[in-house]
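# Descriptive analysis of the structure
Residue-level listing of the chains:
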Amino acid sequence: MSHKRIPKRKAAIAVGGVVALGAAAILLPSANASQDGAPDDAAAAPRTLKAGDASDLATRLAGTLGDAYAGAWYDGEDKRLVVNVVRGEGDMALKVRSAGAEVREVDNSMAELQAGAGTLKSEATIPGTSWAVDPRTNKILVTADSTVTGDKWDRLESTVESLGSGMATLKKSEGTFRTFVSGGDAIFAGGARCSLGFNVTAGDGSPAFLTAGHCAAAGDAWSDQQGGEPIATVDQALFPGDGDFALVRYDDPATEAPSEVNVGGQTVPIVQAAEATVGQQVFRMGSTTGLADGQVLGLDATVNYPEGTVTGLIQTDVCAEPGDSGGSLFTQDGLAIGLTSGGSGDCTVGGETFFQPVTTALEAVGATLGDGDGDGGGAGAGDQADGQDAGAEQDGAGGDQGVQEQSDMGSDRHSGLTRTH
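Everything in this summary refers to the structure shown in the same document. (Residues numbered from 1 in each chain as written. Predicted model: local features only at pLDDT ≥ 70, side-chain atom pairs only at ≥ 80, totals over all residues. Heavy atoms only, no water.)

## Side note on helix 5 (residues 150-162)
We count it as follows: Numbering of helices and strands runs from the N terminus, with a helix taken as a DSSP run of H or I at least four residues long and a strand as a DSSP run of E at least two residues long. Expected span of a helix: the number of residues minus one, times 1.5 Å.
Here helix 5 is 13 residues long and its end C-alpha atoms lie 18 Å apart, about the 18 Å a rise of 1.5 Å per residue gives. Just beyond helix 5, the residue with positive phi is glycine 164, at close to 105 degrees.

## Overview of the state of the cysteines
One covalent bond between the sulfur atoms of two cysteine residues makes up a disulfide. Our working definition: Cysteine sulfurs are considered disulfide-paired once they come within 2.5 Å of each other. Buried, partly exposed and exposed residues are distinguished by accessible area as a fraction of the type maximum, computed with a 1.4 Å probe on protein chains only: under 20%, between the cut-offs, and over 50%, respectively.
Under the defined criterion, the tally for this structure stands at 2 disulfides. Cysteine 194 shares a disulfide with cysteine 215; S-S distance 2.0 Å. Here cysteine 194 and cysteine 215 share a disulfide; its torsion about the S-S bond, -95 degrees, makes the bridge left-handed. Note that cysteine 194 is positioned in strand 11 (residues 192-194) and cysteine 215 in the loop between strand 13 (207-211) and strand 14 (221-222), a separation of 21 residues in sequence. Take cysteine 194: its relative accessible area is 0%, and that puts it in the buried class.

## Overview of the pattern of salt bridges
Rule in force here: Should a side-chain nitrogen of Lys or Arg be within 4 Å of a carboxyl oxygen of Asp or Glu, the pair is scored as a salt bridge.
Applying the stated criterion to the full structure yields 7 salt bridges. With a shortest N-O distance of 3.0 Å, glutamate 352 and lysine 171 are connected by a salt bridge. Placement of glutamate 352 in the loop between strand 24 (335-343) and strand 25 (353-357) and of lysine 171 in strand 8 (residues 168-172) is noted, with a sequence separation of 181 residues between them. For glutamate 352, a relative accessible area of 5% translates into the label buried. The network of salt bridges with common partners includes Arg87, Glu105 and Asp107.

## Regarding the pairing of strand 25
Within a regular beta strand, the side chains point alternately toward one face of the sheet and then the other, so they alternate between its two faces. Rules: Strands are treated as partners if at least two bridges between them are detected by DSSP.
With 5 of 5 residues buried, strand 25 is to be regarded as a mostly interior element. Pairing of strand 22 (residues 308-316) with strand 25 involves 3 bridges; the strand directions are antiparallel. Across the sheet, residue glutamine 315 finds its bridge partner in strand 25, namely phenylalanine 354. With 5 bridges joining them, strand 24 and strand 25 adopt antiparallel strand pairing. Its bridge partner lying in strand 25, leucine 339 is registered against glutamine 356.

This is the structure in structure tokens:
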């Protein structure tokens, strides 16, 4: 991500190379979809869909199915949308088929899964644990890091078992959940280093950027060079609690803050903010490790850091390391998805990483991203449904200039961008 002051210098955040895009299934968890009309032979066969169209269809179907809806995902190989319908809801299954999606009957309703997450919160809020609903398995994915041992592990395990058979999966992580703050380069305050997420426009029209809320604990004044003069000041921040985000205003009101991510010699235009979908392929840019990719594993994740509990996060398998905190999570089509919060592991062994949704952060701080309207990425989560497809599937306007889909998985280079790991 870059910014510049007029007429002097351009201040750019340090970036690295790129990790090649992987193929795999893109999953869409909670969405809302429905197309009316009686099913016929043509409608009974699942339609071939682009990922963005599948996301819109899932969003419409969730609203129509109501309590019968239990999540959805996109099969990237067959290019079909698969929708979970609670077993026994035959009429709702017909609605899904008539809309052109594939039906999978499941046992756990979304309400039951959310109730299970509530039990975990009340009975097993233990530092080093996390949980999120996974529509692919129709279960809650519970993860414990390496610090959860002895009585803590026994407590977590017994709580998961109390949810009942088939409600949750318990996974052990080799790493330790932590926020990714460090000392080094990128954006600096009080000896700490973080990464700039996305340039935005504050509610009063002034230039600003988003980063992680826990980064604000290092200090109010931030510089783009280690030991350099401050260029921006923290305006609002939240961590821990219902998020991990901060709005930082540029001190010079004449600062130009383009809506783009610098991926090392190239930039990816960011056209709007968008909600994440389970299984969606995403890229993370950070000042320590450069550009890495992976997929979304869960939404509305709860993470119990040593500093406190954070809710409403995105869980992914994208790697990150200290100094990457606050960095941008985005798609190849130029959609702003998240801000790096923390996780376990590193970019050698991998691990779990959690992100603050950009839509939630924008709504909370009253800022806008992109053009600031329906076509360019309005302010909050409520603006996303109508504009998501425009950003997700358009050619040329978004990430085709900076990050492109790789057709040959054996290649180490694509469109001039190089893998870092």
